[in-house]
Amino acid sequence: MITEDLPRIFEPQPIHPLVARRSAMLTIDVQRGQVFSLANKVRDAGLHDIATAYDSAVQAILPRIRMLQDRCRARHIEVIHLRFGSFSGTGSDCSQPFRLSGHEAAAWDRSDQIIDAVVAPHPGEIVMNKVSSGAFNGSDLDAVLRRLGVDTLIVAGLVTASCVESTIRGAADCGYNVFVVSDACADWTDQQHELSLAILRRWFATVLDAERILRLIAGVENDRA
Amino acid sequence: LREWKTIVRELVRPELRTIWTRKESALSALPNQALLLIDFQQLLGDSSVGLGERLRALGAQELAQRYYSDAADATRNAERLLRRFRSAGLPVVHTHLACATVDGRDVGALQRRLEVWAANGSPAADFLSAVRPVSGEIVIPRTTFSLFATGVAAQLLRNCGITKLVITGIGTEWSVASTARDAAELGFEPLVVEDACVGLEPTHHRASLDFLELWYCRVRSTQAVLSAAITASPV
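Counting restarts for each chain: residues are numbered from 1 in the order of the written sequence. For naming, the first written chain is A and the first written ligand is 1, with later ones following in the order written. Under the rules for a predicted model, residues below a pLDDT of 70 receive no local features and side-chain atom pairs below 80 are neither given nor counted, while totals for whole chains, interfaces and linings still include all residues. The basis for every side-chain value is the complete set of non-hydrogen atoms in the structure, without hydrogens or water.

Engineer: So what about the nonpolar core? Which residues, and what values?
Structural biologist: The biggest cluster of nonpolar side chains holds 143 residues, and the ones touching the most others in it are A:Leu153, A:Phe204, B:Leu165 and B:Trp174. Elements are defined by DSSP. Helices are runs of H or I of four residues or more, strands are runs of E of two residues or more, and each kind is numbered from the N terminus. Top element by residues in this core is helix H6 (residues 61-87) of chain B. It accounts for 10 residues. In this text, buried Ala, Val, Leu, Ile, Met, Phe, Trp, Tyr and Cys residues form a nonpolar core when linked through side-chain atoms within 4.5 Å. Accessibility here uses a 1.4 Å probe with only protein chains present; expressed as a share of the type maximum, an area under 20% marks a residue as buried, one over 50% as exposed, and anything in between as partly exposed.

Put into C-alpha cells, the structure is as follows:
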C-alpha cells in the first residue's frame, strides 16, 4: 500500500546516539478514554471490525511502551506522560477539533483520564495535561523540556495520525530531534497508521521500530549517574 | 483620604483622556475571514530553483514533472481565490519560508537538513508572480513548517480580527497540514482548499487532507469556495 516509490530525497535526521540527560520519552494519551471509551463509541456505531482491530492494536503496543519506559528509566532518560482532558471538566476549554467532534473531554479526575495500568507513571515522573491533540499547542511541554535541557524525544502512544502526528509536527518546529516508535503507536486503521508514519518519516522525524529504539537506548552514555 | 483621591485623579490630565478615547467601533467593522497563501515561492514552486534543482539532481524527473504540473494548477486556483478575496475587500495573508540570515543559521536544524529554507531577499524566497503580495497585504516570513510556530502569527491574525482562514499553499503534507492543525487547535476556523494545495507525493497529499477533514477542519474545492458568497461570514 505504501511504497517507497521515491528515492529517499529527504532524510530528516541522522541516527545518532542518545544522550540520557538530553533525551525524554513521551507517551501520548494512553488513557482509558482513548483505549476504551472511544473504541466503545466506534463499536456502538456498528463499526465492530474497526473497534476490534483498534483494541488489538492497542493491546499489542502496551507491553512495548512499558518495555521502552523501563529501559529509559534504567538509563536515566526522563519518562513523561501526556494525557488529554479538560481543566473545566466539561470540555469547554478544549481545542475546537475535540469540541466539534463530540470527543468526551472530562475532568482530570474522571476515569477517562486514568493512564493504562501497564504504562502508568512511576512516582516522581512528569504527567502533563493537554487540551489539544498536539502537546505543543495545549500544554507547557516545550517550556518543561527546555528547563530539563532535553533536545531529543522518543515518542509513542495514541492515536498515530492525530495526537501523535500533531505533537511530532510541533516538536519538529520547536527544534527537537524526534524518534517515533512505529510499533508503539496505533491508529484506527493500519492504513491511517502507515500513511501518517510515511509523512512523518519524510518530513519530521526518524521512524524506527521498538527493537531499534531499544538498541539506541542500550547505547546511551549514562552521563546522568 | 480625600486629599489622596484628588492627587490620584490628577495623575492623568483630563485633556489627555479626551485625546486617547478608545474607539471601540473601529474594531467591530473588521472582516473576520482571510485568505492564507502558504509558501507560493520560487523555492517550492519554480522548477529551476531549490526543490526542482534537487529533484533533477536525484534523477526524479517523473516526480518533478507531476509535482510542478500540480503546483501550477494549485497556484492558478490560489490566484482565482486571491482575485475574489481582493475584490471583496477581504484580508489576504501571505507567508513564505524566508530566514533573516544569508547562511541560514537562524533556521532550525530540521529545515536546514531538508534544505527547505531560503534567505529573505533571495530568489528562492521570492513569491511566484501570479500570487505576489500587493501593498497592504500581510506578509509573514518564517522558518518553521507551521505558520503558528512563528510566535507572532496568531496574535497578528487576532489583532486583525481574523477568525476564519481559507488556506492554500505548498506543500500539503508539510506546511499546509501543520498550519491547519495548529489553526484549528488555537481556536481559528480553518478551511483547506484541496485543489489550491500541492504535495510532493499524491498519497501524502490525499492522506493529509483526509486526516484534516476527519479531525481538524473542513476541506473544500476552489469552486465550492468561489460559489459560496465570500463575505465577512463563513463559507
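We are not done yet, so read on.
Engineer: Which residues make up the pairing of strand E5 (residues 177-186) of chain A, and what are the values?
Structural biologist: Residues and elements named next belong to chain A. Buried residues dominate E5, accounting for nine of its 10 residues. The sheet contact formed by strand E4 (residues 152-158) and E5 spans six bridges and is parallel. Of the residues in E5, the one forming a bridge with Val 155 is Val 180. Handedness is read with the strands pointing away from the viewer; a crossover is right-handed when the path from the first strand over the helix to the second is clockwise. Read from E4 through helix H6 (residues 160-173) to E5, the crossover connection turns out right-handed. DSSP calls a pair of strands paired once it identifies at least 2 bridges connecting them.

Engineer: Report on the packing of aromatic side chains, specifying residues and quantitative values.
Structural biologist: Two rings from Phe, Tyr or Trp (for Trp, the six-membered ring) form a pair when their centres sit within 6.5 Å of each other. Planes less than 30 degrees apart are called stacked, planes more than 60 degrees apart edge-to-face, and all others tilted. Under the definition given, this model contains eight aromatic pairs over all chains. Judged by centre distance (6.1 Å) and plane angle (90°), the rings of A:Trp203 and B:Phe145 are edge-to-face. One end of the pair, A:Trp203, is in helix H7 (residues 190-203); the other, B:Phe145, is in the loop between strand E3 (138-142) and helix H8 (152-159), on a second chain. Among the residues examined, A:Trp203 registers a relative accessible area of 1% and is labelled buried. Put simply, the rings of A:Trp203, A:Phe204, B:Phe145 and B:Trp174 pair up and form one aromatic cluster.

Engineer: I'd like a rundown of the sheet that holds strand E1 (residues 23-28) of chain A, residues and numbers included.
Structural biologist: All names here are of chain A. As summarised here, the arrangement of the six strands in space is E3-E2-E1-E4-E5-E6, forming an open sheet in which the pairing is parallel. Taken across any chain shown, the strands that pair with only one partner, and hence form the sheet edges, are strand E3 (126-130) and strand E6 (206-208). For this sheet the average axis-to-axis angle between neighbouring strands, irrespective of direction, equals 25°. In terms of strand pairing, strand E2 (residues 78-84) meets E3 through five bridges, oriented parallel. Angles run from 0 to 180 degrees between N-to-C directions of axes, and those axes are lines fitted to C-alpha atoms, restricted for helices to the stretch in contact.

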